[in-house]
Amino acid sequence: MKVECNFFSGSAHILNDETIMDIIKELARDPGQEDPFYVLDVGDIVQKIKVWKLKMPRVDPFYAVKCNDDPTVLEILAALGIGFDCASKAEMQKVLQLGVDPSRIIYAHPCKPVSHIRQAAKFNIPLMTFDNESELHKVKAYFPSAKLVLRLRCDAAKVQCPLGIKFGVLPEDAGVLLATARTLDLNIVGVSFHVGSGCREPAVFHRAIAAAKQVFEQAEALGFTPNLLDIGGGFPGTRSSSLDEVSDYINKALEEFFPEGCGVKIIAEPGRYVVASAFTLATNILAMREVCDDNGFILSTMYYINDGVYGSFNCTIYDHQVVYPVLLEEPAVGEHHMSCSIWGPTCDGLDQVISEIQLPRLSCGDWLVWPEMGAYTLAAAGTFNGFPLPKVHVVVPYHTWLYLEEHLGSSVRFTSVDGTGILDDCSSPSLRDEDSLLAKKNVYRTCS
Ligand code: PLP
């Protein structure tokens, strides 16, 4: 039996025994299905949040919206009481529209347009990061009561996407900024850092937290009373990775420099960790071409698929991701693998997804599935050459649905999966706001 719900911004399919691959097969079988599409597994996101709370109970996650601003992702995180890291007024607005309280938002961009600072003031979002003097003067002029968080630079030795080259003040230069803030009578409430996205040196968190402690002391010496430490992003998001090592370093460093009871609130800005593994992309082979030598011997096959580097696979360029496809249909046992390359659908020669891979012989119309495509994919994708962005199909494992029902309060009613019901009285705190999309769209129905 197929069960759907409209609990999120669109309709969602509730999984009983089916897997994500089953769902993709079902969608791909539709003869009208030609465009690429995603399947978003809400269960994966809920599980990630549970694991985070287990491993780092002292660190409150503020999801980095820039990583993937899919409405269902934002709605589910809002409902779970997670905070948000926003980089612009549009992101702040998007989160506020879900009924999230402004106190659950940090405007975590050290270099902000004036109009966005003014908008943050109008939205009553005072918490914001900075790392340079000009920012202090802008804040003084447009939002003098802002709660400022000084972003430090502390780079991981090994990282997928370094950020320190662009943002963060070196700890030894922090004193000058603190003194300027003091002179301008601004309010410094804390310290942040981002070790780099896709951090592969977990020990860097110990270094960064130690550096933050020193800056706390400098700020206190100048008369500030900082009470917020923001340990940024950089956490791994794939299924094969674990939070264990990084959380060990973080928990130990917090115990050493910011022990429980010290009065400092700890937050983080995870992006990749929350969404990477929750999204699976399905693409279709729309054309193919063989590359032969002078004797007509096939050297390699070029497959053209319906999503490319101007779409979801922008991640191979901007986010330095290495992507890998899985065949939707199992190849015959013993099938010979051949050298091939995979290309996107646009007219640009740069639009190459994989330059060399061994695959069995495929045909036009076959589907390639790309796991773990949730981070920095759709968020930066465009429609160059008129190719549409993939649609996102939302699925919720049955046990996740039950967990959400429990988490969102006993007033949320869930009737049997073969009946039609209304989740009528959403009185959990995160759903009280009249404007909450969740509160408005909380009907589910079944269909055969
Ligand atoms: N916070 C800030 C300020 C960022 O710039 C980013 C990513 O660029 C993040 C958080 C999220 O980082 P990650 O996806 O590595 O967790």
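- For the protein chain, the name recorded in an unreviewed UniProt entry is ornithine decarboxylase, with Cherax quadricarinatus as its organism.
- The UniProt entry for the protein chain carries this comment under Cofactor (unreviewed entry): "pyridoxal 5'-phosphate".
- Taken verbatim from the UniProt record of the protein chain, the Subunit (unreviewed entry) comment is "Homodimer. Only the dimer is catalytically active, as the active sites are constructed of residues from both monomers."

### Considering the overall build of the protein chain
Turning to step 1, where the next piece is worked out: Across its full length, the protein chain holds 13 helices and 22 strands.
Turning to step 2, where the next piece is worked out: Every one of the 448 residues in the protein chain was classed for burial, and the buried ones make up 46%.
Turning to step 3, where the next piece is worked out: Residue pairs in contact within the protein chain that sit at least 24 positions apart in sequence constitute 70% of those at least 6 positions apart.

### Examining the site of the ligand
Turning to step 1, where the next piece is worked out: Of all residues adjacent to the ligand, which total 16 residues, the nearest are Ala64, Ser197, Gly233, Gly271 and Arg272.
Turning to step 2, where the next piece is worked out: Each residue belonging to the shell around the ligand can be placed in one class, and the counts come to 7 nonpolar, 6 polar and 3 charged.

### What about the UniProt feature "modified residue: N6-(pyridoxal phosphate)lysine" (unreviewed entry) in the protein chain?
Turning to step 1, where the next piece is worked out: Those places that UniProt annotates as "modified residue: N6-(pyridoxal phosphate)lysine" (unreviewed entry) correspond, in this numbering, to Lys66.
Turning to step 2, where the next piece is worked out: Note that lysine 66 resides in the loop between strand 4 (59-64) and helix 3 (71-79).
Turning to step 3, where the next piece is worked out: Among the residues examined, lysine 66 registers 19 C-beta atoms within 10 Å and is labelled partly exposed.
Turning to step 4, where the next piece is worked out: Contacts of lysine 66, omitting those with residues within four sequence positions, involve Ala87, Glu91, Gly271 and Ala379.

### Focus: the packing of helix 7 (residues 174-183) against helix 8 (residues 204-221)
Packed helix pairs are specified by the crossing angle of their axes together with the interaxial distance, meaning the distance between the axes.
Turning to step 1, where the next piece is worked out: One can describe the packing of helix 7 onto helix 8 by two numbers: an axis separation of 10 Å at closest approach and a directional angle of 35°. In terms of crossing hand, the pair formed by helix 7 and helix 8 is right-handed. Residue-level inspection shows Ala174, Gly175 and Leu178 of helix 7 in contact with helix 8, the latter providing Val215, Gln218 and Ala219.

### Brief notes about the UniProt feature "domain: Orn/DAP/Arg decarboxylase 2 N-terminal" (unreviewed entry) in the protein chain
Turning to step 1, where the next piece is worked out: UniProt marks residues 43-276 with the feature "domain: Orn/DAP/Arg decarboxylase 2 N-terminal" (unreviewed entry), using the numbering shown here.
Turning to step 2, where the next piece is worked out: Across residues 43-276, the secondary structure splits into 41% helix and 18% strand, with the terminal C-alpha atoms separated by 13 Å.

### Considerations on the nonpolar core
Turning to step 1, where the next piece is worked out: Val95, Tyr107, Leu148, Leu150, Leu152, Ala208 and Ala212 are the most contacted members of the largest nonpolar core, which has 121 residues in total.
Turning to step 2, where the next piece is worked out: The element best represented in this core is helix 8, accounting for 9 residues.

### Here we look at the packing of helix 4 (residues 89-96) against helix 5 (residues 114-123)
Turning to step 1, where the next piece is worked out: Taken N-terminus to C-terminus, the directions of helix 4 and helix 5 make an angle of 20°; their axes are 9 Å apart at the nearest point. One way to sum up the angle between helix 4 and helix 5 is to call them roughly parallel. Viewed along their axes, helix 4 and helix 5 form a crossing whose handedness is left-handed. Between helix 4, through Lys89, Met92 and Leu96, and helix 5, the contact on the second element is made entirely by His116, Gln119, Ala120 and Phe123.
Turning to step 2, where the next piece is worked out: Partitioned by chemical class, the residues of the contact of helix 4 with helix 5 number 4 nonpolar, 2 polar and 1 charged.

### Points about the pairing of strand 17 (residues 337-343)
Turning to step 1, where the next piece is worked out: Bridge analysis of strand 15 (residues 298-305) against strand 17 gives 4 bridges, and the strand direction is parallel. In the sheet register, methionine 302 faces strand 17, and the bridge partner there is serine 341.
Turning to step 2, where the next piece is worked out: Where strand 17 and strand 18 (residues 352-360) come together, 6 bridges link them in antiparallel fashion. Each residue of the ladder has a partner; that of histidine 337, found in strand 18, is proline 360.

### Here's the deal with the environment of asparagine 284
Turning to step 1, where the next piece is worked out: Here asparagine 284 shows up in strand 14 (residues 279-292).
Turning to step 2, where the next piece is worked out: Residue classification places asparagine 284 among the buried residues on the basis of 21 C-beta atoms within 10 Å.
Turning to step 3, where the next piece is worked out: Taking the C-alpha atoms as reference points, asparagine 284 and cysteine 364, separated by 80 residues in sequence, lie 7.8 Å from one another.

### Notes on helix 8
The α-helix advances 3.6 residues per turn, and as a result positions three or four apart in sequence lie on the same side.
Turning to step 1, where the next piece is worked out: For helix 8, which comprises 18 residues, the first-to-last C-alpha distance of 26 Å matches the rise-based estimate of 26 Å (1.5 Å per residue) to within 8%.
Turning to step 2, where the next piece is worked out: Elements that come into contact with the buried residues of helix 8 comprise strand 8 (147-152), helix 7, strand 10 (187-193), strand 11 (197-199), strand 12 (228-230) and helix 9 (244-257).
Turning to step 3, where the next piece is worked out: Trailing helix 8 by a residue or two, glycine 223 shows a phi angle of about 100°, which is positive.

### Things to note about the environment of lysine 50
Turning to step 1, where the next piece is worked out: By the secondary structure assignment, lysine 50 is in helix 2 (residues 42-55).
Turning to step 2, where the next piece is worked out: Along the primary structure lysine 50 and valine 309 are separated by 259 residues, whereas in three dimensions their C-alpha atoms are 33 Å apart.

### Some remarks on unusual backbone geometry
Turning to step 1, where the next piece is worked out: Although it is not a glycine, tyrosine 376 sits at a positive phi angle of roughly 55°.
Turning to step 2, where the next piece is worked out: Inspection of the secondary structure assignment puts tyrosine 376 in the loop between strand 19 (367-370) and strand 20 (391-397).
Turning to step 3, where the next piece is worked out: Its 26 C-beta neighbours within 10 Å are what place tyrosine 376 among the buried residues.
Turning to step 4, where the next piece is worked out: We note that asparagine 385 has phi near 70°; this positive angle belongs to a residue other than glycine.
Turning to step 5, where the next piece is worked out: On the secondary structure map, asparagine 385 appears in the loop between strand 19 and strand 20.

### Considerations on helix 6 (residues 133-142)
Turning to step 1, where the next piece is worked out: Looking only at helix 6, the buried set comprises Glu135, Leu136 and Val139. Down the axis of helix 6, the sector holding all buried residues measures 105°, keeping them to one side. More than 90 degrees from the buried face of helix 6, the exposed residues found are Ser134 and Ala141.
Turning to step 2, where the next piece is worked out: Buried residues in helix 6 make contact with helix 5, strand 7 (127-130), strand 8 and helix 7.

### Topic: the environment of methionine 373
Turning to step 1, where the next piece is worked out: Tracing the backbone shows methionine 373 in the loop between strand 19 and strand 20.
Turning to step 2, where the next piece is worked out: Judged by the 26 C-beta atoms lying within 10 Å of it, methionine 373 is buried.
Turning to step 3, where the next piece is worked out: Taking the C-alpha atoms as reference points, methionine 373 and valine 59, 314 residues apart in sequence, are found 26 Å from one another.
Turning to step 4, where the next piece is worked out: Setting aside residues no more than four positions away along its own chain, methionine 373 makes contact with Phe279, Thr280, Leu281 and Ser312.

Calculation criteria
Residues numbered from 1 in each chain as written. Predicted model: local features only at pLDDT ≥ 70, side-chain atom pairs only at ≥ 80, totals over all residues. UniProt positions renumbered as here; feature names shortened; annotations may be inferred. Helix = DSSP H or I, 4+ residues; strand = E, 2+ residues; numbered from the N terminus. Buried ≥ 20, exposed ≤ 12 C-beta atoms within 10 Å, placed from the backbone. Contact = placed C-beta atoms within 7 Å. Near = placed C-beta within 6 Å. Nonpolar A, V, L, I, M, F, W, Y, C, P; charged D, E, K, R; others polar. Axes fitted to C-alpha atoms, helices over the stretch in contact; angles between N-to-C directions. Left-handed = near helix turned anticlockwise from the far one by under 90°. Core = buried A, V, L, I, M, F, W, Y, C linked by C-beta atoms within 7 Å. Parallel < 35°, antiparallel > 145°, perpendicular 65-115°, else oblique. Pairing = 2+ DSSP bridges. Expected span 1.5 Å × (residues − 1). Arc of directions from axis to C-beta.

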